[in-house]
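So you can see what is in the structure, the chains are spelled out below.
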Amino acid sequence: MLSKYLIFSVSISFISWIVGMVINAVLMKTDYYQKLSKLNFIVSKGFNKKLGLPYFKWIVKNTPFKFFNPNLKLKTKVEYSELVMLRKEMTFSEISHLAAFVFVGGFALVKVIGGQYLFSFIIMVINTLMNLYPSLLQQENKRRIDRLIRRYGC
């Protein structure tokens, strides 16, 4: 039973990445997207550390997850236009993961309504690791990119 819950949770989270990209593509065509691109849930480095974001960052950088989005890499020497493009890619990734998080949250809510609390809990744990944490990591990285962009003075 538990393995069935885990398999479903991982599967729906992978599927949610595609759904998140589709939702994001639709949102990009709205005025609301500019507001979304400036989202910052957690500004505090200390709180990010308490959430374990540095460990998650290490996992992403040192496992096959690093190959999932090769557009999010920064060279040693970088131009202003590359920073702007990188920030745009990070925003796309961040909002896609947030949309995916909400999408999978809907499945968890259905399971709660059906009285399947353990199933819902497992879905949300996997969803948090596969969608919320990547989004928070992109927000942290966007703040670093924003500092570099300001150093360019543009």
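Before reading further, recall that the structure is shown in the block above.
Keep in mind that what you see is a predicted model, and the values were worked out from it rather than measured.

Enquirer: Account for the packing of helix α5 (residues 80-113) against helix α6 (residues 117-152), naming residues and giving values.
Expert: As a packed pair, α5 and α6 sit with axes 8 Å apart at the nearest point and diverge in direction by 165 degrees. On the basis of their axis angle, the class for α5 and α6 is roughly antiparallel. Crossing hand, α5 versus α6: left-handed. Grouping the constituent residues of the contact of α5 with α6 by class yields 23 nonpolar, twelve polar and five charged.

Enquirer: I'd like to hear about the packing of helix α4 (residues 53-62) against α6, residue by residue, with values.
Expert: Put simply, α4 and α6 touch, their axes get as near as 10 Å, and they point 95 degrees apart. In terms of their interaxial angle, α4 and α6 are classed as roughly perpendicular. Note on element contacts: α6 touches α4 through L129, Y133, P134, L136, L137, E140, N141 and R144, opposite L53, F56, K57 and V60. A breakdown of the residues in the contact of α4 with α6 according to their chemical character gives eight nonpolar, one polar and three charged.

Enquirer: Can you explain the side chain of S135? Please cite residues and give values.
Expert: Structurally, S135 is set in helix α6. On the basis of relative accessible area, S135 is assigned to the buried category, the value being 0%. In this structure S135 touches E94, H97 and L98, once residues within four positions along its chain are discounted.

Enquirer: Can you lay out the environment of L72 for me, pointing to particular residues and giving the numbers?
Expert: Summarising the element assignment, L72 is placed in the loop between α4 and α5. Along the primary structure L72 and F103 are separated by 31 residues, whereas in three dimensions their C-alpha atoms are 24 Å apart. In this structure, L72 is in contact with L86, E89, M90, S93 and Q138, ignoring residues within four places of it in sequence.

Enquirer: Report on a positive patch on the surface, specifying residues and quantitative values.
Expert: Positive charge collects at one region of the surface, where K45, K61, R144, R147, R150 and R151 lie side by side. Top contributing element to the positive patch by residue count: α6, with four residues. Checked against the element boundaries, R151 lands in helix α6. Judged by relative accessible area, which is 68%, R151 ranks as exposed.

Enquirer: Describe in detail the pattern of salt bridges, supporting the description with residues and values.
Expert: Counted according to the given criterion, the structure contains three salt bridges. Ionic pairing is found between K57 and E140, a salt bridge with its closest N-O pair at 3.9 Å. Residue K57 is located in helix α4, and its partner E140 is located in helix α6; the two are separated by 83 residues in the primary sequence. A salt bridge links R87 to D146; its shortest N-O distance comes to 2.5 Å. In this pair, R87 is assigned in helix α5 and D146 in helix α6, connecting sequence segments 59 residues apart. Accessibility assignment for this pair places R87 and D146 in one class, buried.

Enquirer: So, the side chain of N24: which residues are in play, and what are the values?
Expert: Note that N24 resides in helix α1 (residues 2-27). Given the relative accessible area of 0%, N24 is considered buried. A distance of 2.8 Å separates the side chain of N24 from the backbone oxygen of F92, its partner in a polar contact.

Enquirer: Summarise the nonpolar core; cite the residues concerned and give the values.
Expert: Counting residues in hydrophobic clusters, the biggest one holds ten residues: Y5, I12, W17, V104, A108, F119, I122, I123, I126 and M130. The element contributing the most residues to this core is α6, with five residues. Setting aside chain neighbours within four positions, we find M130 in contact with V10, S13, F14, W17 and H97. Counting residues in hydrophobic clusters, the runner-up holds seven residues, among them L83, L86, M90 and I145.

What counts and what doesn't
Residues numbered from 1 in each chain as written. Predicted model: local features only at pLDDT ≥ 70, side-chain atom pairs only at ≥ 80, totals over all residues. Heavy atoms only, no water. Axes fitted to C-alpha atoms, helices over the stretch in contact; angles between N-to-C directions. Helix = DSSP H or I, 4+ residues; strand = E, 2+ residues; numbered from the N terminus. Parallel < 35°, antiparallel > 145°, perpendicular 65-115°, else oblique. Left-handed = near helix turned anticlockwise from the far one by under 90°. Nonpolar A, V, L, I, M, F, W, Y, C, P; charged D, E, K, R; others polar. Contact = heavy atoms within 4.5 Å. Buried < 20%, exposed > 50% of the residue type's maximum accessible area, 1.4 Å probe, protein only. Patch = residues over 30% accessible without salt bridge, like charges linked within 9 Å, V, L, I, M, F, W, Y side chains within 5 Å. Areas by Shrake-Rupley, 256 points an atom, 1.4 Å probe, with all protein chains shown as cover. Salt bridge = Lys/Arg side-chain N within 4 Å of Asp/Glu carboxyl O. Lys, Arg positive; Asp, Glu negative; His and termini not counted. Charge placed at Lys NZ, Arg CZ, Asp CG, Glu CD. Polar contact = N/O pair within 3.5 Å; in protein donor to acceptor, adjacent residues only side chain to side chain. Core = buried A, V, L, I, M, F, W, Y, C linked by side-chain atoms within 4.5 Å.

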